[in-house]
Amino acid sequence: MVSGPQGLEGVIAAAKQAPGRGLPPVHLWNPAHCGEIDIVIKKNGLWFHEGTPIGREALVRLFSTVLRKDPEGYVLVTPVEKLAIRVEDAPFTAVRVDREGDALKFLTNVGDEVEAGPDDPIRVAADPTNGGPAPYVHVRRGLEARLKRSVFYELVEMAETRGEEMGVVSNGAWFPIGPVPA
C-alpha cells in the first residue's frame, strides 16, 4: 500500500492538533489524495494496520477523529493529506444504548456518544452475509455505527408496535426496526 509523505505519523500528528477535546474540522480540510494506507476496520469494529490489530485503544480513538466518508470511500484526512482506508461494514460499533427521557443514547467503541433523532437516525438493513437484520445508528457526517447484537436486542425490548411494524422513538422521530413477529 502506498502512503503519503507523512503517512501514519502525519495522521497521528494532525489528530493530536484538535482544539480542546472536540473533533478536528475534517469536513473543512481538502488536501490532495495521497494514496492509501494499510488500515482496515473489520466488521466487528476492530482496527488493523498492516494485518495486525491496533491494540492501543487511544490510538484507535485518535484515528477515528480524523476519519471521513467521501464519495469515493473512507479516508483518514489531515490538513495536508488524505489517505484511503478500507472499512468492511461500518467504521464504528454501538456497544451500549440507554433510554434517557425521550432519547435513545448510544455509545460507540471509540467513545462517541450520540442521541438518535432526526439528524442521527437509526436504520435497519438486511445483512448481506445472512439476510438477518443489520442495525445502524448515524454518528456524524455520514459515519455510522453498527449496533452490536446485544444492543439491538435491547432496542427490540424497547420497541413498540405501529401497524405491522416494530420500532422505537427517540427525540420525536420514529425508527422502524422490523416487522411484528407472527
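Fair warning: this is a prediction, and the values are worked out from it, not measured in the lab.

Conventions used here
- Residues numbered from 1 in each chain as written.
- Predicted model: local features only at pLDDT ≥ 70, side-chain atom pairs only at ≥ 80, totals over all residues.
- Heavy atoms only, no water.
- Phe/Tyr/Trp six-rings, centres within 6.5 Å; stacked < 30°, edge-to-face > 60°.
- Helix = DSSP H or I, 4+ residues; strand = E, 2+ residues; numbered from the N terminus.
- Lys NZ or Arg CZ within 6 Å of the ring centre and 35° of its normal.
- Pairing = 2+ DSSP bridges.
- Axes fitted to C-alpha atoms, helices over the stretch in contact; angles between N-to-C directions.
- Contact = heavy atoms within 4.5 Å.
- Buried < 20%, exposed > 50% of the residue type's maximum accessible area, 1.4 Å probe, protein only.
- Polar contact = N/O pair within 3.5 Å; in protein donor to acceptor, adjacent residues only side chain to side chain.

### Comments concerning the packing of aromatic side chains
- Per the counting criterion, the structure on display carries 1 aromatic pair.
- With a centroid separation of 6.4 Å and 20 degrees between ring planes, the pair formed by Trp 47 and Phe 63 is classed as stacked. Of this pair, Trp 47 sits in strand β2 (residues 47-49) while Phe 63 sits in helix α2 (residues 57-64); the two residues are 16 residues apart in sequence, bridging distant segments of the chain.
- When the ring centre of Phe 48 is taken as reference, the NZ or CZ atom of Lys 42 above it lies at 5.3 Å.

### Some remarks on the sheet that holds strand β15 (residues 173-179)
- Strand order in the open sheet formed by 3 strands is β13-β14-β15, and the pairing between neighbours is antiparallel. Each end of this open sheet is capped by a strand with a single partner; those strands are β13 (160-162) and β15. Between one strand and the next, the sheet's axes are offset by a mean angle of 45 degrees, whatever the strand orientation.
- Here 6 bridges tie strand β14 (residues 165-170) to β15, and the two strands are oriented antiparallel to one another.

### Points about the pairing of strand β10 (residues 122-126)
- Relative to strand β11 (residues 133-140), β10 runs antiparallel, the two being bridged by 5 bridges. Within β11, the position partnered with Val 124 by the bridge is Pro 135.
- Count of turn residues in the β10/β11 antiparallel hairpin: 6 residues, of which Gly 131 carries a positive phi of about 75 degrees.

### Things to note about the sheet that holds strand β12 (residues 143-147)
- Strand order in the open sheet formed by 6 strands is β9-β8-β7-β12-β11-β10, and the pairing between neighbours is mixed. Every interior strand has two partners, whereas the edge strands, β9 (113-115) and β10, have only one. The mean inter-strand angle of the sheet, taken between neighbouring strand axes irrespective of direction, is 40 degrees.
- With 6 bridges joining them, strand β7 (residues 92-100) and strand β8 (residues 103-108) adopt antiparallel strand pairing. By the bridge assignment, Glu 100 is partnered in β8 with Ala 103.
- Helix α3 (residues 149-158) rests against β7, β8, β10, β11 and β12 of the sheet, and its axis sits at about 30 degrees to β7.

### Looking at the side chain of Lys 82
- Checked against the element boundaries, Lys 82 lands in strand β6 (residues 82-87).
- You can call Lys 82 buried: its relative accessible area is 12%.
- A polar side-chain atom of Lys 82 sits 3.3 Å from a polar atom in the side chain of Asp 70.
- With residues near it in sequence (within four places) discarded, Lys 82 still touches Pro 31, Ala 32, His 33, Cys 34, Gly 35, Arg 68, Asp 70, Glu 72, Val 75, Leu 76 and Val 77.

### Topic: unusual backbone geometry
- Located in the positive-phi region is Glu 50, a residue other than glycine, with phi close to 50 degrees.
- For Glu 50, the location among the structural elements is in the loop between β2 and β3 (52-53).
- The phi torsion at Arg 141 lies on the positive side, around 40 degrees, for a residue other than glycine.
- The class of Arg 141 is partly exposed, set by a relative accessible area of 49%.

### Side note on the environment of Gly 101
- Secondary-structure assignment places Gly 101 in the loop between β7 and β8.
- Between the C-alpha atoms of Gly 101 and Ser 170, which are 69 residues apart in sequence, the distance is 9.0 Å.

Purely geometric numbers; function is a separate question.
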